[in-house]
Amino acid sequence: MGPADDAHATVWFDDDDDLDPITAAAGWAGRPEPARIGVRLDLSRRPLAIVVKALTTLDVLTGGRLIVGVADEAEVGELAAAFGNGFRPAPVQVPHPPVVVRGTRSGPN
């Protein structure tokens, strides 16, 4: 973790780190750097409804700079479907923040 070098950089927070990645990313969200903020999650560790609410909130706090990393394509689909369940607030990025598989862009976003 550290300051981004350019507007296209992404600062990643991982479930394998000592800090909770969603909470750590929320702390980073207030920084003035234009970097995207990535959160890599193990969806088996937490309830999906709580994950979606937290990620939606984080997408709003970052002004739409959030990227979500998951373990595999099945989790991409599971997370994308959960974002479609009408959680409020709605994410800034429509229909939801980009979801990637271990750093590889996946899906329509």
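Residues numbered from 1 in each chain as written. Predicted model: local features only at pLDDT ≥ 70, side-chain atom pairs only at ≥ 80, totals over all residues. Heavy atoms only, no water.

(A) Quick look at the packing of helix 2 (residues 48–61) against helix 3 (residues 73–83). The contact between helix 2 and helix 3 brings their axes to 10 Å, and the two run at 70°. Classed by the angle they form, the pair helix 2 and helix 3 counts as roughly perpendicular. Where helix 2 approaches helix 3, its residues Leu48, Val51, Val52, Leu55 and Thr56 are matched on the opposing element by Glu78, Leu79, Ala82 and Phe83. A class-by-class count of the residues in the contact of helix 2 with helix 3 yields seven nonpolar, one polar and one charged. (Axes fitted to C-alpha atoms, helices over the stretch in contact; angles between N-to-C directions. Helix = DSSP H or I, 4+ residues; strand = E, 2+ residues; numbered from the N terminus. Parallel < 35°, antiparallel > 145°, perpendicular 65-115°, else oblique. Contact = heavy atoms within 4.5 Å. Nonpolar A, V, L, I, M, F, W, Y, C, P; charged D, E, K, R; others polar.)

(B) Spatial organisation of the pairing of strand 1 (residues 10–14). Bridge count for strand 1 against strand 2 (residues 36–40) is five bridges, and the pairing is parallel. Bridge assignment links Val11 to a residue of strand 2, and that residue is Ile37. Note on the crossover from strand 1 through helix 1 (residues 21–29) to strand 2: the handedness is right-handed. (Pairing = 2+ DSSP bridges. Right-handed = clockwise from strand over helix to strand, strands pointing away.)

(C) Inspection of the packing of helix 1 against helix 2 at higher detail. One way to put it is that helix 1 packs onto helix 2 with a least axis distance of 10 Å and a crossing angle of 15°. Taken as axis vectors, helix 1 and helix 2 run roughly parallel relative to one another. Between helix 1 and helix 2 lies a crossing whose hand is left-handed. In contact with Ile22, Ala25, Ala26 and Ala29 of helix 1, helix 2 contributes Ala54, Leu55, Leu58 and Leu61. Grouping the amino acids of the contact of helix 1 with helix 2 by side-chain chemistry returns eight nonpolar, no polar and no charged. (Left-handed = near helix turned anticlockwise from the far one by under 90°.)

(D) Up close: the pairing of strand 2. Strand direction decides the pairing type here: strand 2 and strand 3 (residues 66–70), joined by four bridges, are parallel. In the strand pairing of strand 3, Ile37 is matched with Leu66. At this point the chain moves from strand 2, through helix 2, to the parallel strand 3, and the crossover so formed is right-handed.

(E) Unusual backbone geometry, seen in detail. Following Val94, the chain continues to Pro95 via a peptide bond in cis, the omega torsion being 5°. Tracing the chain through its elements places Pro95 in the loop between helix 3 and strand 4 (99–101).

(F) The arrangement of the pattern of salt bridges in detail. For the structure shown, the criterion picks out five salt bridges. For Arg46, the salt bridge goes to Asp20, with nearest N and O atoms at 3.0 Å. A residue pair is termed long-range when its members are at least 10 positions apart, and Arg46 in the loop between strand 2 and helix 2 and Asp20 in the loop between strand 1 and helix 1 qualify at 26 residues. The shortest N-O distance in the salt bridge between Arg45 and Asp42 comes to 3.3 Å. Residue classification places Arg45 among the partly exposed positions, given a relative accessible area of 47%. Each of Asp15, Asp20 and Arg46 takes part in one network of salt bridges that share partners. (Salt bridge = Lys/Arg side-chain N within 4 Å of Asp/Glu carboxyl O. Buried < 20%, exposed > 50% of the residue type's maximum accessible area, 1.4 Å probe, protein only.)

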